[in-house]
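# Chains, contacts and geometry: an overview
Here's the letter readout for the chains.
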Amino acid sequence: MMRPFADENVKAAYAAFPPVAFEMAMILRDLIFSVAWDTPEVGPIEETLKWGQPSYLTPETKSGSTLRIGVAKQGGAALFAHCATDIISTYASIFPDTDQIEGNRAVIFTSPDKIVPERLRLLIYHALTYHLARPRGQN
């Protein structure tokens, strides 16, 4: 079941995705909310737009680093993390040669079957709890 959109601008951003990217983006969106729900220390997730892309923040606890979902330049969908963090590089080192990684900023998906929730839950958890294990002043 698709979680309803609280923000019409976010809903419109998703509606503008090409059909296959939309399908993948909805899977990624659902995973973000699922991981947040399973991780009480994250608190409520805010779904908003940043740089025109659906973005997910932890405004109450400030436990996490922003995740964004967008259309990949080469087609498909992408899950973006802040490039100044080690979120993507840590994920890539744990699961080498399993996903299409774009530098230190994104995991790219070219088809829905490339989205492996068991792996991505770890990346999302890392992003949503990024500031919990780090001393203040560090990314």
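Presented here is an overview of the structure given in this document. Quick caveat: nothing in here was measured; it's all calculated off a predicted structure. (Residues numbered from 1 in each chain as written. Predicted model: local features only at pLDDT ≥ 70, side-chain atom pairs only at ≥ 80, totals over all residues. Heavy atoms only, no water.)

## Examining the pairing of strand β4 (residues 77-81)
For β4, a buried count of five out of five residues is recorded, marking the element as mostly surrounded by other parts of the structure. Neither face of β4 is open: one carries Ala 77, Leu 79 and Ala 81, the other Ala 78 and Phe 80, and all of them are buried. Pairing analysis gives five bridges linking strand β3 (residues 67-71) to β4, with the strands arranged antiparallel. Counted as the bridge partner of Leu 67 is Ala 81 from β4. Hairpin connection, β3 to β4: the antiparallel pair is bridged by five residues, and Gly 75 has positive phi, about 100°. As paired elements, β4 and strand β6 (residues 106-109) share four bridges and run antiparallel to each other. (Buried < 20%, exposed > 50% of the residue type's maximum accessible area, 1.4 Å probe, protein only. Helix = DSSP H or I, 4+ residues; strand = E, 2+ residues; numbered from the N terminus. Pairing = 2+ DSSP bridges.)

## Comments concerning the pairing of strand β2 (residues 53-57)
Note on strand geometry: in a regular strand, side chains alternate between the two faces of the sheet. By the criterion of burial, β2 is predominantly enclosed, with five of the five residues buried. Burial along β2 is two-sided: the residues Gln 53, Ser 55 and Leu 57 and Pro 54 and Tyr 56 are all buried. Sheet topology places strand β1 (residues 46-50) next to β2; five bridges connect them, and they run antiparallel. Bridging across to β2, Leu 49 finds its partner in Pro 54. From the end of β1 to the start of β2, which pair antiparallel, there are two residues, and Trp 51 there has a positive phi angle of about 55°. Pairing between β2 and β3: two bridges, direction antiparallel. Directly across from Tyr 56, in β3, lies its bridge partner Leu 67.

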